[in-house]
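Spelled out, the chains give:
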Amino acid sequence: MTSSHIQDPCLPEGPDLAYDMNTTAECFEQLAEWVKIYPDIFALKPDKRKDMTLFVNHPDYIKHILVCDNDRYQKGVGFERVKMLLGNGIIVSDGPFWRKQRRMIQPAFGKDVIAKLVDQVKHANLQLFEKWHELAKQEAIINITDVTNELALEIILLALFSDDLDSVFARAGGNPFSILTDNSARDLQLAVKFRGLTKLVGEVIEQRRQECAERTDFLSVFMDARDKDTGEPMSDKELIDEVMTLIVAGSETSATTLNWMWYSLSQHPEVEARLHQEVDEASYDHVPGFENIMELAYTRQVTEEVLRLYPPVWLFTRKAIKEDKLGDYDVLPGTDIFIAPYFLHRHADYWQAPEKFNPERFTPEAIKQRHKFAFIPFSAGPRRCIGDFFGIVEAQIHFGLMARHFRMEHIEDNPIELAPEVNLRTRHPINMRILPRT
Ligand code: HEM
């Protein structure tokens with residue numbers, strides 16, 4: 001980190017309180033109050049941490065940090081816990097190592113590979129469809145939070161291991177990765193158990209090498225990738241860290257999106273009716289394929305509106321490694337930057353009636369008229385989510401199949417409360433009555 005020569009830095013105003021921001025409900029409440037007073041940016045003195053904090057909520061400043069001058073920043077606080085889970089996978093790594101890994105992993109997320117992986121997404125949804133078909137006949141009550149957690153985990157595991165998943169489950173006597181959906185706490189205990197699973201992943205890699213097995217999945221693209229400078233493949237440790245990263249980064253985020261989307265549809269009958277019309281009129285027989293994605297444009301708009309109101313990654317961080325300027329304000333090296341999609345997505349300067357659920361905000365015309373950086377559920381710039389397209393396609397296929405046949409009625413037992421932790425989940429599981437559509 002370079003040191004600063006600025007004697008008397010120009011800092012934005014801020015609360016007169018020493019405070020360390022975190023992904024906690026308490027911090028969320030506190031931020032909600034501060035954002036009302038300082039809607040665009042504020043400075044905060046640290047409490048136990050050592051460096052000054054800037055909370056940044058203006059799309060111009062966000063663009064500057066994440067895109068224009070992103071080389072002045074690296075990943076920030078809060079990733080220590082994630083590192084325990086993920087080793088040095090691309091969500092936590094930085095600098096030349098991150099760049100090398102991202103270059104090697106990126107091809108797995110090209111449209112051609114995703115188009116093939118859609119078969120796995122379809123497969124997981126078709127299995128669930130069979131279960132829902134029976135449950136809907138009985139108008140049963142289902143815990144949609146648990147179901148979407150399990151579905152999203154299965155999808156990412158199938159996308160990673162395809163045909164080898166059954167043998168992983170057989171060796172482990174069940175789904176060993178379900179510790180992620182069974183434990184909501186992301187603590188040291190979970191990290192230890194989760195890291196214990198790296199052995200299983202190592203065994204799959206070894207077996208594939210011995211069998212020279214051809215597969216279409218993320219793991220095989222990772223194993224085939226070669227560094228463009230050295231021609232070297234990833235080491236086993238690197239491969240394992242990236243696999244573990246995808247399992248964590250790609251399951252809970254997608255699951256919470258599906259969970260919030262079922263709930264939002266149940267609360268907005270006019271949106272539900274339009275989505276029904278779209279999925280009913282689309283040209284596929286039963287389950288949409290990659291070629292039908294464009295027909296599900298309104299489903300995409302609804303997904304984006306869900307991501308606006310309930311961005312799974314509601315708060316993320318950067319650390320300034322060099323001096324910078326945000327407008328007139330100075331950013332000193334070491335500054336901890338906090339960016340909260342949740343609050344940005346409700347900024348009244350960029351969103352009319354921000355609390356209102358309205359997928360019309362995501363028509364191509366509406367998007368064109370808005371500041372591009374007022375909506376960042378997947379972050380932006382070189383560190384933008386690598387699974388953004390996959391995440392949206394997952395929702396389109398799920399609703400493209402399920403919403404043709406079923407609707408969900410919310411059971412008002414548990415209150416709907418936000419649980420702003422690492423991901424923005426629902427505090428209590430959401431229970432729904434599943435009904436056949438007539
Ligand atoms: C709706 C679903 C998703 C949301 C809202 C989401 C959100 C995000 C966000 C905000 C980041 C950036 C975090 C930061 O800059 O600190 C990120 C990074 C990442 N996401 Fe996602 N994500 C989703 C789905 C997925 C899926 C399905 C995958 C994998 C299949 C995935 C893999 C990753 C990876 C590997 C990174 C790190 C990229 C890098 O640093 O180079 N995500 N995601």
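Notes on the structure follow. (Residues numbered from 1 in each chain as written. Predicted model: local features only at pLDDT ≥ 70, side-chain atom pairs only at ≥ 80, totals over all residues. Heavy atoms only, no water.)

### Some remarks on the overall build of the protein chain
On a plain count of helices and strands, the protein chain comes out with 17 helices and twelve strands. Against the compact-globule benchmark of 22 Å for 438 residues, the protein chain has a radius of gyration of 22 Å, which places it among compact chains. In terms of overall dimensions, the protein chain has a C-alpha envelope of 70 × 55 × 40 Å along the principal axes. Every one of the 438 residues in the protein chain was classed for burial, and the buried ones make up 54%. Of the roughly 19,400 Å² of accessible surface on the protein chain, a fraction of 51% belongs to carbon and sulfur atoms. (Helix = DSSP H or I, 4+ residues; strand = E, 2+ residues; numbered from the N terminus. Rg over C-alpha atoms; globule rule 2.2 N^0.38 Å. Buried < 20%, exposed > 50% of the residue type's maximum accessible area, 1.4 Å probe, protein only. Areas by Shrake-Rupley, 256 points an atom, 1.4 Å probe, with all protein chains shown as cover.)

### Section: the pairing of strand S2 (residues 53-56)
A two-sided burial pattern is seen for S2, the buried positions comprising Thr53 and Phe55 on one face and Leu54 and Val56 on the other. Two strands pair when backbone bridges link them, and S2 and strand S8 (residues 336-339) are joined in this way by four bridges, in the parallel orientation. Bridge pairing links Thr53 to Asp336 in S8. (Pairing = 2+ DSSP bridges.)

### Re the site of the ligand
Taken together, 27 residues form the shell around the ligand, and within it Lys75, Trp98, Arg102, Arg318 and Cys385 come nearest. A distance of 2.9 Å separates an oxygen atom of the ligand from a polar side-chain atom of Lys75. Take Arg102: an N or O atom from its side chain is 2.7 Å from an oxygen atom of the ligand. At the level of secondary structure, the elements contributing two or more residues to the shell around the ligand comprise helix H4 (95-105), helix H12 (236-267) and strand S5 (316-320). Residue composition of the shell around the ligand, by class: 17 nonpolar, six polar and four charged. (Near = heavy atom within 4 Å. Polar contact = N/O pair within 3.5 Å; in protein donor to acceptor, adjacent residues only side chain to side chain. Nonpolar A, V, L, I, M, F, W, Y, C, P; charged D, E, K, R; others polar.)

### Structural notes on a nonpolar patch on the surface
On the surface, a cluster of nonpolar side chains totalling about 280 Å² of accessible area is made up of Met84, Leu188 and Val192. Checked against the element boundaries, Met84 lands in helix H3 (residues 79-86). (Patch = residues over 30% accessible without salt bridge, like charges linked within 9 Å, V, L, I, M, F, W, Y side chains within 5 Å. Salt bridge = Lys/Arg side-chain N within 4 Å of Asp/Glu carboxyl O.)

### Details of the sheet that holds strand S1 (residues 41-44)
Adjacent strands of a sheet pair through backbone hydrogen bonds, lying either parallel or antiparallel. Here five strands make up an open sheet; going across it, the order is S1-S2-S8-S5-S3 and the pairing mixed. Strands at the two margins of the open sheet, each flanked by one partner only, are S1 and strand S3 (73-75). Along the sheet, successive strands turn relative to each other by an average axial angle of 30 degrees, direction set aside. (Axes fitted to C-alpha atoms, helices over the stretch in contact; angles between N-to-C directions.)

### Here's the deal with the packing of aromatic side chains
Evaluation of the coordinates by the stated rule reveals 24 aromatic pairs. Ring geometry for Phe290 versus Phe389: centroids 6.0 Å apart, planes at 80 degrees, classification edge-to-face. Pair noted here: Phe290 is in the loop between helix H13 (269-281) and helix H14 (297-309) and Phe389 is in helix H17 (residues 388-405), with a separation of 99 residues, a long-range link. Phe290 gets classed as partly exposed once you look at its relative accessible area, which sits at 25%. Both rings, one in Phe362 and one in Phe375, keep their centres 4.6 Å apart while their planes meet at 55 degrees; by these two values the pair is tilted. Here the residue Phe362 occupies a position in the loop between helix H15 (341-344) and helix H16 (364-369), and Phe375 occupies one in the loop between H16 and H17, the gap between them amounting to 13 residues. A relative accessible area of 4% places Phe362 in the buried class. Phe375 sits in the buried class, given a relative accessible area of 17%. (Phe/Tyr/Trp six-rings, centres within 6.5 Å; stacked < 30°, edge-to-face > 60°.)

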